[in-house]
Amino acid sequence: MNFTTITNFIDKIGKIANLSEKELKILKTARREHTAELKVNENKYLAYRVQFNDARGPTKGGIRYHPEVDLDEVKALAFWMSLKTAVADVPYGGAKGGITVNPKELTIQELEELSRKWIRAFHEHIGPTKDIPAPDVYTTPQIMAWMMDEYEKIKGEKSPGVITGKPLELGGSLVRDIATALGGVYVLKEAVAKLGLTEKTVAIQGFGNAGMNAAKILSEEGYKIVAVSDSKGAIYNYEGLNLNEVIKVKQETKSVVNYSNAEKISNGDLLKLNVCVLVPSALANAITVENANDIKAKIILELANGPTTPEADEILHKNKVLVLPDILANSGGVTVSYFEWVQNNYGYYWDAQTVKDRLKEKLVKAFNSIWEKYSSNNYDFRINTYLLAIDRILKAEKLRGNLK
Ligand code: NAD
């Protein structure tokens, strides 16, 4: 994922929506890019916070710890967050942060020190009404807790709304742990109803937080999970997998491939199975020109970020495969993060069912707004999702007087 790929796509949308140069410029320009060098035990790490677009509210987005994180990637992800918050219609802009580090090489003390130093470097730029970070790749509720604590020490007051994805004991929200998968299932069920599909077979690529929870929820909803995969390989049984057994095997042996009551297939073959729903929940660029024509699923639910390349998208649209794009399909995570912030600001906490009902309301509404556009033109569902997000951002920019 790089910034140029995203801006190229925005140029494409610009032509469709007839956007002016000024509108394109405001969409493609990051408001603020902050960088710092953090020192822990003689080692230096580059750290970032990019606040991309704040027209619709305080900026929001996770902090990624990864050896390959750089400013270009953080900018691209911050831009994506601006679109995602607009699609879900939560009153936020978009941001992202990161540290170029392999956290697996740090001791727990070093991890805590690095996380606290990230806050010391950027505390002036964040805050509950400015910019609200959250977890992302390799950052955890514990890291959010250290970060909140450091921020509160600097400010001299309690401020749980400064960061989301916290442990429940420190103001986290119920349902946050399964929110991405649950939101995806709400969106999928709307799409299945619109298309009038009755077949219920599902293949899931990736069996981590997003993929495993999606498998659990879909199976409770009566779907038949016939294949799942992880980095070691895939398993397939047309009669359906015994999910509790698969989860047990994954926990005990670290991989789903050791589950015995299924055929072992390659990760590539899982994508081409004859199923109704395919759920990419692992990596970017899983579906490309190389395999798009072989996809037999009727719906692709993108729980992963960026699993389909733009070229593959065109093939899938031609083949009448409905792709529910990442910025809608996995926006349940940021939506429940928003609920966490609301609960922190009020100091009043909701039960799990209330969180689920409100998540469903938000995502069903988002899906239907896009479906309405999609039914009235010939563009694919992703383009229509971007059209909705960009329209919402530009309306806010206009109302602020930024587009005279
Ligand atoms: P995770 O690390 O918990 O799980 C990733 C899974 O993918 C693991 O089971 C891993 O073994 C598997 N995997 C890795 N390489 C694979 C390959 N080549 N083939 C098949 N499986 C492979 O991560 P996660 O939190 O579940 O996130 C998965 C995706 O969803 C990412 O793209 C992430 O950006 C996106 N996402 C997650 C959340 C969330 O709340 N967890 C929110 C938004 C987006």
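First, a word on scope: everything that follows refers to the structure included in this document. (Residues numbered from 1 in each chain as written. Predicted model: local features only at pLDDT ≥ 70, side-chain atom pairs only at ≥ 80, totals over all residues. Heavy atoms only, no water.)

Now for the site of the ligand. Around the ligand there are 19 residues in total, and Thr-180, Phe-207, Asn-209, Ala-210 and Ser-231 lie nearest to it. With respect to the ligand, the side chain of Thr-180 contributes an N or O atom lying 2.7 Å from an oxygen atom. Protein chains bury 69% of the 830 Å² of accessible surface belonging to the ligand in isolation. For the shell around the ligand, the secondary-structure elements that each account for two or more residues are α7 (209–220) and β7 (224–230). (Near = heavy atom within 4 Å. Polar contact = N/O pair within 3.5 Å; in protein donor to acceptor, adjacent residues only side chain to side chain. Areas by Shrake-Rupley, 256 points an atom, 1.4 Å probe, with all protein chains shown as cover. Helix = DSSP H or I, 4+ residues; strand = E, 2+ residues; numbered from the N terminus.)

Judged by pairing direction, the sheet is mixed, and its five strands sit side by side in the order β1-β2-β4-β3-β5 without closing on themselves. At either margin of the open sheet sits one strand with a lone partner, and together these are β1 (32–40) and β5 (131–135). Averaged over all neighbouring strand pairs, the angle between strand axes comes to 20°, with direction disregarded. Two elements, β1 and strand β2 (residues 43–53), share nine bridges in a ladder whose sense is antiparallel. Each residue of the ladder has a partner; that of Thr-35, found in β2, is Tyr-48. (Pairing = 2+ DSSP bridges. Axes fitted to C-alpha atoms, helices over the stretch in contact; angles between N-to-C directions.)

With that settled, consider helix α6 (residues 179–195). Helix length check: α6 (17 residues) gives 24 Å between terminal C-alpha atoms against 24 Å at 1.5 Å per residue, within 8%. α6 sits mainly inside the fold: twelve of its 17 residues count as buried. Positive backbone phi, approximately 65°, marks Gly-196, located one or two places after α6. (Expected span 1.5 Å × (residues − 1). Buried < 20%, exposed > 50% of the residue type's maximum accessible area, 1.4 Å probe, protein only.)

Within the secondary structure, Ser-376 is located in the loop between α13 (352–374) and α14 (381–399). Note on Ser-376: relative accessible area 59%, which makes it exposed. Taking the C-alpha atoms as reference, Ser-376 lies 26 Å from Val-279; in sequence the two are 97 residues apart. For Ser-376, the side chain forms a polar contact with the main-chain oxygen of Glu-372, separated by 3.5 Å. A polar contact is formed between the side chain of Ser-376 and the backbone oxygen of Lys-373, at a distance of 2.8 Å.

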